[in-house]
Amino acid sequence: MSALLEARDVHVAYGRVEAVRGVSLSLPAGQIVTVIGPNGAGKTTLLAALAGLLPSRGQVIYDGRDLAGTDVEDRVEAGLCLVPESRELFADMSVEDNLLLGGWRMRRDKAAIASGFAEVYERFPRLAERRRQLAGTLSGGERQMLALGRALMGKPRLLMLDEPSLGLAPLIVREIFHTIADLRGTGVSILLVEQNARAALESADYGYVLETGEITLSGPADELLHDPRVAATYLGGHT
Amino acid sequence: MLLAQDGIATGAIYALVALGIVLVFLVTRVIFVPFGDLVAYASLSLAALEENRRPGLIWLVLLLAGLAFLTEALTLLRAGHARLLPRAVLLYLLLPALPCAVAYVITPMDVPDLLRIVVTLALVLPTAPLLYRIAFRPIADAPVLVLLIVAVVVHFAMTGIALLCFGPEGARPRPLTGAIFEIGDIIVSGQTLLMLGAAVAASIGLLVFFARTLTGRALRATAINRVGARIVGIRPGEAGTTAFLLAALLAGLSGLLIGPVTTLVYDSGFVIGLKSFVGAIIGGLVSYPGAALGAVAIGLLESFTAFYDSAFKEVVVFAGLVPVLIIRSLLQGQAVEDAEEEL
């Protein structure tokens, strides 16, 4: 199977400090690949660089095309969408307007926008109830749903999720992971960055462990789940 | 009563300009100091066309277009996107040159006034987006203060170039309408009504634009959250260009409307811009209705002080800013601190 996204020896630096040092990873089309690791390992930095928000060295190939010299908007246009940890919603606009703008990539296709709305509202009925409400007044879980829904409006081919479970109640975390598994079924490829290693590995096909900017371990998700080193550090010691 | 009427009419013009200032500030965080200059350019150009002289704005626009194209071409070449060059030629050279060519051709001809007005507007339109491309887009992420300083520099540069293009003489275009209405004891000129109407129409138009159209929403989104806008694929640069284009339209309109009432010279736009800015500040620089109301208040204040002692009219207007700022900071101090903590 050919890789939809392939990163080769990617370095990202803040000034002189290298936060990501020579990371290579590959994401086969239609799969969920997760990057787990402790706080400050460079996970968010890596995603931001792949999305084009941060400059990086090394090669990033998406759908057979080298992404060098393309910016965030070009990548979104190609269907590579990021849902950042900070959500970055339009707080003073309604839920519906947030979703509508999420469909910016599809703006010339009225039917795609309409079907996007239908799909998102079906997936997250809570958003449909609150469609007139301002995004800034939503609860944490609803904000994450909106961030996810906004990205889905653009009909992404590759969705990059940064800590989608961060700060959410366990019940909502389950719901979010359920949605992620569900999206895989619709053909969306997903690159998932998580601190909640168990949930991430349980829904992913393949996993990478990122520590202090370097990949220290990788393998099929269920192997990692039973790897003693991963279990000791990230799964709380009991498998 | 006459004073109030005059004040509201002037205030309506300030309101149009203030709307443009707020619009540009919200989307790009630039306090666009040269904005008032565009008002004067519109008025001077229309006057020139009416007297069958070639307006200096033609040369100004061509100069800006050339500079903007060079900036764009250099950026593209450095990023290795040479294939996008033809698009840059179209956007930054041909499109701005179009109204210039039309204006050049119709100058000696006897054409309907309406055509002259349209051509004048079309000449003013490209100036703001071109200035944005040259001066502000390369530093779009700079702090507000840096953007402000650059805006001041652009203003002074523009004043110099405008003197070259327009010459030192003032000019006054013919009123758009000579109609006079009598309502009871009050005599209202058609021009005053036009000014009011334009201000109201522009405010409503902007309101509808931002609430109903996708482009309007995209501009708002860019103003609220630049990163959020980028990750859904909205380019802040393009949003900025749209904002500057709309602002130029507002400036052009106000220039056409105020021209027949006050004689403007090449640099008198600055004071108009400054007073509108004061109006926008009264509105907090973030609210369109606030800015419009503030601008009308400035117009009234100016009209009444001018009647009692015209020497003091500017003094009172700008001195009025001080208590407003104090009250605002007292009222808003808490909110601002909260906002900073969130960042």
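Calculation criteria
Residues numbered from 1 in each chain as written. Chains lettered and ligands numbered in written order. Predicted model: local features only at pLDDT ≥ 70, side-chain atom pairs only at ≥ 80, totals over all residues. Heavy atoms only, no water. Helix = DSSP H or I, 4+ residues; strand = E, 2+ residues; numbered from the N terminus. Rg over C-alpha atoms; globule rule 2.2 N^0.38 Å. Buried < 20%, exposed > 50% of the residue type's maximum accessible area, 1.4 Å probe, protein only. Contact = heavy atoms within 4.5 Å. Core = buried A, V, L, I, M, F, W, Y, C linked by side-chain atoms within 4.5 Å. Domains from an automatic or database assignment. Buried area = accessible area lost by both parts, 1.4 Å probe. Salt bridge = Lys/Arg side-chain N within 4 Å of Asp/Glu carboxyl O. Polar contact = N/O pair within 3.5 Å; in protein donor to acceptor, adjacent residues only side chain to side chain. Pairing = 2+ DSSP bridges. Axes fitted to C-alpha atoms, helices over the stretch in contact; angles between N-to-C directions. Phe/Tyr/Trp six-rings, centres within 6.5 Å; stacked < 30°, edge-to-face > 60°. Parallel < 35°, antiparallel > 145°, perpendicular 65-115°, else oblique. Left-handed = near helix turned anticlockwise from the far one by under 90°. Nonpolar A, V, L, I, M, F, W, Y, C, P; charged D, E, K, R; others polar. Patch = residues over 30% accessible without salt bridge, like charges linked within 9 Å, V, L, I, M, F, W, Y side chains within 5 Å. Areas by Shrake-Rupley, 256 points an atom, 1.4 Å probe, with all protein chains shown as cover.

**Details of the overall build of chain B**
- The number of helices and strands found in chain B is 15 helices and two strands.
- Over its C-alpha atoms chain B spans a radius of gyration of 20 Å, differing by no more than 12% from the 20 Å that the globule rule assigns to 343 residues.
- Overall, chain B is about 70 × 60 × 35 Å in size when its C-alpha atoms are taken along their principal axes.
- Considering chain B as a whole, with its 343 residues, one finds that 48% of them fall into the buried category.
- When contacts within chain B are restricted to residue pairs at least 6 apart in sequence, those whose partners lie at least 24 apart make up 76%.

**Comments concerning the environment of Gly22 of chain A**
All names here are of chain A.
- In this fold, Gly22 is placed in strand 2 (residues 17-28).
- The spacing of Gly22 and Arg184 is 162 residues in sequence and 28 Å in space, taken between C-alpha atoms.
- If we skip the residues at most four places from it in the chain, Gly22 touches Asp9, Val10 and His11.

**Notes on the side chain of Arg116 of chain B**
- Within the secondary structure layout, Arg116 of chain B lies in helix 5 (residues 113-124).
- With sequence-adjacent residues up to four places away left out, Arg116 of chain B is seen in contact with Leu46, Leu49, Glu50, Asn52, Met109, Asp110, Val111 and Arg174 of chain B.

**Things to note about unusual backbone geometry**
Residue and element names in this part refer to chain A.
- Phi angles above zero are rare outside glycine, and Asp63 is one such case at about 55°.
- Topologically, Asp63 is positioned in the loop between strand 4 (57-62) and strand 5 (65-66).
- Phi is positive for Thr212, which is not a glycine, with a value near 40°.
- Mapped onto the elements, Thr212 comes out in the loop between strand 9 (206-211) and strand 10 (214-220).

**A look at the nonpolar core**
- Residues Phe32 and Phe136 of chain B are the most contacted members of the largest nonpolar core, which totals 91 residues.
- Ranked by the residues each element gives to this core, the list is headed by helix 1 (residues 2-28) of chain B, at 15 residues.
- Leave out the neighbours within four places in its chain, and Phe32 of chain B touches Val24, Leu38, Ala128, Leu131, Phe136 and Phe244 of chain B.
- Core analysis: the second largest hydrophobic core is formed by 82 residues, Leu46, Leu82, Tyr121 and Tyr234 of chain A among them.

**Some words on the domain arrangement of chain A**
All names here are of chain A.
- The domains assigned to chain A are domain 1 (1-79 + 156-239) and domain 2 (90-155).
- Between the C-alpha centres of domain 1 and domain 2 the distance comes to 24 Å.
- Of the residues lining the interface, 17 residues belong to domain 1; the matching set on domain 2 comes to 12 residues.
- Where domain 1 abuts domain 2, roughly 1300 Å² becomes buried across the two surfaces, and 67% of that area is made up of carbon and sulfur atoms.
- Its largest share of buried area at the contact with domain 2, domain 1 owes to Glu77, Pro156 and Thr179, together 34% of the area lost on that side.
- On inspection of domain 1 and its partner domain 2, the count reaches one salt bridge.
- Measuring nitrogen to oxygen at the nearest pair gives 2.8 Å for the salt bridge that ties Arg123 to Asp182.
- Connecting domain 1 to domain 2 are two residue pairs in polar contact (both at pLDDT 80 or more).
- Of all the elements in the fold, those that place two or more residues in the side of domain 1 that touches domain 2 are helix 2 (72-77), strand 7 (158-162) and helix 7 (170-185).

**Some points on the sheet that holds strand 3 (residues 32-36) of chain A**
Residues and elements named next belong to chain A.
- Overall, mixed pairing links the six strands, which are arranged 6-7-8-3-9-10 in an open sheet. Each end of this open sheet is capped by a strand with a single partner; those strands are strand 6 (80-83) and strand 10. Ignoring strand direction, the axes of neighbouring strands in this sheet form an average angle of 15°.
- Where strand 3 meets strand 8 (residues 189-194), five bridges bridge the pair, whose relative direction is parallel. The residue of strand 8 that forms the bridge with Ile32 is Ile190.
- Each of strand 3, strand 6, strand 7, strand 8 and strand 9 touches helix 1 (residues 43-51); the most contacted strand, strand 7, lies at about 150° to it.

**Concerning the sheet that holds strand 5 of chain A**
All names here are of chain A.
- Pairing within the open sheet is antiparallel, and its four strands lie in the order 2-1-4-5. The open sheet has two edge strands with one neighbour each: strand 2 and strand 5.
- Of the strand pairs in this sheet, strand 1 (residues 3-14) and strand 4 are connected by five bridges, and their pairing is antiparallel. If you follow Ala7 over to strand 4, its bridge partner there is Val60.

**What to know about the packing of aromatic side chains**
All names here are of chain B.
- Applying the stated criterion across every chain yields a total of 11 aromatic pairs over all chains.
- With 4.9 Å between their ring centres and 80° between their planes, Phe32 and Phe244 make a pair best called edge-to-face. Pair noted here: Phe32 is in the loop between helix 1 and helix 2 (35-50) and Phe244 is in helix 11 (residues 236-258), with a separation of 212 residues, a long-range link. Each member of the pair, Phe32 as well as Phe244, carries the same accessibility label: buried.

**Observations concerning the packing of helix 2 of chain B against helix 12 (residues 269-282) of chain B**
Residue and element names in this part refer to chain B.
- Where helix 2 meets helix 12, the closest approach of the two axes is 7 Å, and the angle between their N-to-C directions is 130°. Our classification of the angle between helix 2 and helix 12 gives oblique. With respect to the hand of their crossing, helix 2 and helix 12 are arranged in right-handed fashion. In this structure, helix 2 contributes Gly36, Asp37, Val39 and Ala40 to the contact, and helix 12 contributes Gly269, Phe270, Ile272 and Gly273.
- Residue composition of the contact of helix 2 with helix 12, grouped by class: four nonpolar, three polar and one charged.

**Here we look at a nonpolar patch on the surface**
Residues and elements named next belong to chain B.
- Among the surface-exposed residues, Ile8, Phe181, Ile183, Ile186, Leu193 and Leu196 lie close enough to one another that they form a single nonpolar patch of about 460 Å² accessible area.
- Listed by contribution, the elements that provide at least two residues to the nonpolar patch are strand 1 (180-183) and helix 8 (190-212).
- Note on placement: Ile186 falls in strand 2 (residues 186-189).
- In this structure Ile186 comes out as partly exposed when scored by relative accessible area, which is 32%.

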